[in-house]
Amino acid sequence: MKTMFERSIDGKVILNIQCMCLDECLEAKKQFGDIFLTGITAKAFSDIEDGIDCIRRLQNAGIRVSAGLGDGEAFQWERALNLALMTDCEHLNQVFPAAALSQRLIREKENRTIVNALIRPTGRVGYVSIGTGPLSEKEESIVPIRAAAAMLKETHVSSLKFFPIKGTAHLAELETVAKAAAEFDMMIEPTGGITPDNVEAVVRTCMEAGAVHIMPHLYASLKDESGMLELYKMERAVEAIRRALR
């Protein structure tokens, strides 16, 4: 984890964003350096080989990549895993039930990819839903956050993705997730509805709860109507994060 955060904002925060093309990624890299990962989702490709080729092109240009599902769609978990296994990207977004398996397969291949596990808010502080797989998402699967974190830690999964937090709608719940991340030496990834206007509150909540490594996901809020990344919005987000870290 520490190696991943050697290139980050103050050694504590990495942004997870999306770009439409390589040129956009390179422009962001030129302005902000390597403080971000570019999310490439399995959902975006009907042929997974196209996704693999896309990631490799980005990596060859020095862009850091996060492989993902796409809108948290559970049935994409195996395709997302294949993206990570075939490209050795830095980060993989994964559903809770498949996170341990994914981390094990990655370790067996001696890849460097860090795997997260998707957990969802419940509206009840201190409890999360871990049923984020294609079958388990249809069942009730609410557990204490410390139990969820312990399950992941004992299977070497090192990051908690909390989605969807709907901006600041679940800050009290986020605080307890961040506390668990700190206690079990894990990364926290708040996701869903985060914008340049509220990312300061989100990051500060995680920091004050003791989290050391934070990866907020900002996708739609950094884009224009056509889906293009707007660098001035990303600059606002970075400035807000720096304020939260002071």
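Residues numbered from 1 in each chain as written. Predicted model: local features only at pLDDT ≥ 70, side-chain atom pairs only at ≥ 80, totals over all residues. Heavy atoms only, no water.

(A) Seen up close, the packing of aromatic side chains. Across all of its chains, the model carries zero aromatic pairs by this definition. Looking at Arg 124, its charged tip hangs above the ring of Tyr 127, at a distance of 3.7 Å from the centre. Between Lys 161 and the ring centre of Phe 163, over which it is positioned, the NZ or CZ distance is 5.8 Å. (Phe/Tyr/Trp six-rings, centres within 6.5 Å; stacked < 30°, edge-to-face > 60°. Lys NZ or Arg CZ within 6 Å of the ring centre and 35° of its normal.)

(B) Spotlight on the packing of helix α1 (residues 22-32) against helix α8 (residues 231-245). Running from N to C, α1 and α8 point in directions that differ by 40 degrees, and their axes come no closer than 11 Å. For the element pair α1 / α8, the angle class is oblique. The chirality of how α1 crosses α8 is right-handed. Of the residues in α8, those touching α1 at Glu 27, Ala 28, Gln 31 and Phe 32 are Leu 231, Met 234, Glu 235 and Val 238. In terms of residue class, the contact of α1 with α8 is built from five nonpolar, one polar and two charged. (Axes fitted to C-alpha atoms, helices over the stretch in contact; angles between N-to-C directions. Helix = DSSP H or I, 4+ residues; strand = E, 2+ residues; numbered from the N terminus. Parallel < 35°, antiparallel > 145°, perpendicular 65-115°, else oblique. Left-handed = near helix turned anticlockwise from the far one by under 90°. Contact = heavy atoms within 4.5 Å. Nonpolar A, V, L, I, M, F, W, Y, C, P; charged D, E, K, R; others polar.)

(C) Local environment of the pairing of strand β2 (residues 36-41). With six of six residues buried, β2 lies mostly within the body of the structure. The sheet contact formed by strand β1 (residues 15-17) and β2 spans three bridges and is parallel. Residue pairing in the sheet places Ile 17 in a bridge with Thr 38 of β2. With α1 bridging β1 and the parallel β2, this β-α-β connection has right-handed handedness. Pairing between β2 and strand β3 (residues 65-68): four bridges, direction parallel. Counted as the bridge partner of Gly 39 is Ser 66 from β3. (Buried < 20%, exposed > 50% of the residue type's maximum accessible area, 1.4 Å probe, protein only. Pairing = 2+ DSSP bridges. Right-handed = clockwise from strand over helix to strand, strands pointing away.)

(D) Structural view of the side chain of Glu 173. If you trace the backbone, Glu 173 turns up in helix α6 (residues 171-183). It is Arg 124 that comes nearest to the buried, bridge-free Glu 173 among opposite-charge side chains, at 9.1 Å. Polar contacts involving the side chain of Glu 173 include one to the side chain of His 170, which spans 2.6 Å. In this structure Glu 173 touches Pro 121, Thr 122, Gly 123, Arg 124, Val 125, Tyr 127 and Phe 162, once residues within four positions along its chain are discounted. (Lys, Arg positive; Asp, Glu negative; His and termini not counted. Salt bridge = Lys/Arg side-chain N within 4 Å of Asp/Glu carboxyl O. Polar contact = N/O pair within 3.5 Å; in protein donor to acceptor, adjacent residues only side chain to side chain.)

(E) Inspection of the nonpolar core at higher detail. Of all hydrophobic cores here, the largest spans 76 residues; its most connected members are Ile 119, Val 128, Leu 160, Ile 188 and Met 234. Counting residues in hydrophobic clusters, the runner-up holds seven residues, among them Ile 14, Ile 114, Met 187 and Met 215. (Core = buried A, V, L, I, M, F, W, Y, C linked by side-chain atoms within 4.5 Å.)

(F) Summary view of the environment of Pro 164. Structurally, Pro 164 is set in the loop between β8 (159-162) and α6. When neighbours within four sequence positions are excluded, Pro 164 is seen to be in contact with Arg 120, Pro 121, His 170 and Thr 191.

(G) Spotlight on unusual backbone geometry. The step from Phe 163 to Pro 164 runs through a cis peptide bond, and the omega angle for that step is 0 degrees. The phi dihedral of Asp 10 is positive, around 55 degrees, even though this residue is not glycine. Along the chain, Asp 10 turns up in the segment before β1.

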